[in-house]
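What follows is each chain in one-letter form.
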Amino acid sequence: RGNVSASAGGAGGIWGENTAKFEYVEMRNEGVVIGASDNNSTSGTGGIIGTNSGNITHSTLTNVASANVSGASLVGGLIGINSGTIIGGRDEEDNYYKYHISNNGDITGTGDNVGGLVGLNTTGGKITAAYNTGNVTGENNVGGIVGNNSADIDQVFSADGATISGTSNVGGLIGSNSGSLSNHYNK
């Protein structure tokens, strides 16, 4: 339940930057994460990881309802910038979602690329089996799941009651999309 704050770049509730591979882990942020207030920062701010290029599979990543994430640009409830693989998924019998990738907290950015889960999902990035129930506020490219997507997103939804707001390119799931999106809905 601690607070993480960065004055000149991105921040993560658990890692500032991850390049490693993880399987069958549970990562949970219950604190407040604050990234730099400078819109020119190229570092990401996320409830779990600031910038991720690693592969995290069969895992649970959660930003709880009381855990808020804020910064300028490239802000996500879980990850600020993602070029790695983030996969939740079903149990061994493929019956129910055992591993959840989710945000339940409020996400606030004063700039661009702000998402409930990921601010920027870029080349090589993959997000599977994920959802958002939190409110998301930003300037441009603001989405309930991802602010700006140029990679792959599958099996996602943004729940009823989540308010997504910004100035331009605002979407219930994705603010700006040039990648692929499948098996999705916005309640």
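Coordinates for the structure precede this section.
Residues numbered from 1 in each chain as written. Predicted model: local features only at pLDDT ≥ 70, side-chain atom pairs only at ≥ 80, totals over all residues. Heavy atoms only, no water.

## Points about the sheet that holds strand β1 (residues 3-5)
- Pairing in this open sheet of 6 strands is parallel, and the strands run β1-β6-β11-β18-β22-β26 from one edge to the other. The strands lining the two open edges of the sheet, one partner per strand, are β1 and β26 (164-165).
- Across 3 bridges, the pairing between β1 and strand β6 (residues 32-34) is parallel. Each bridged residue has a counterpart across the sheet, and for Asn 3 the counterpart in β6 is Val 32. (Pairing = 2+ DSSP bridges. Helix = DSSP H or I, 4+ residues; strand = E, 2+ residues; numbered from the N terminus.)

## A word on unusual backbone geometry
- A positive phi is found at Leu 74, a non-glycine position, where the angle reads about 60°.
- Its place among the elements puts Leu 74 in the loop between β11 (69-71) and β12 (75-76).
- Residue Leu 74 is classed as buried on the basis of its relative accessible area of 10%.
- One non-glycine residue, Ala 129, lies in the positive phi region at around 65°. (Buried < 20%, exposed > 50% of the residue type's maximum accessible area, 1.4 Å probe, protein only.)

## Concerning the sheet that holds strand β23 (residues 140-143)
- A sheet is described by the order of its strands in space; here 6 strands give the open sequence β2-β7-β12-β19-β23-β27, paired in parallel fashion. Two strands lie at the open edges of the sheet, namely β2 (11-12) and β27 (168-171), each paired on one side alone.

## Focus: the nonpolar core
- Counting 19 residues, the largest nonpolar core has Leu 61 and Leu 78 as the members making the most contacts within it.
- Listed by contribution, the elements that provide at least two residues to this core are β21 (126-132) and β25 (152-158).
- Beyond its immediate chain neighbours, meaning those up to four positions away, Leu 78 contacts Gly 46, Gly 47, Ile 48, Ile 49, Leu 61, Thr 62, Asn 63, Ile 101, Ser 102, Gly 116 and Leu 117.
- Counting residues in hydrophobic clusters, the runner-up holds 11 residues, among them Val 33, Val 69, Val 136 and Ile 164. (Core = buried A, V, L, I, M, F, W, Y, C linked by side-chain atoms within 4.5 Å. Contact = heavy atoms within 4.5 Å.)

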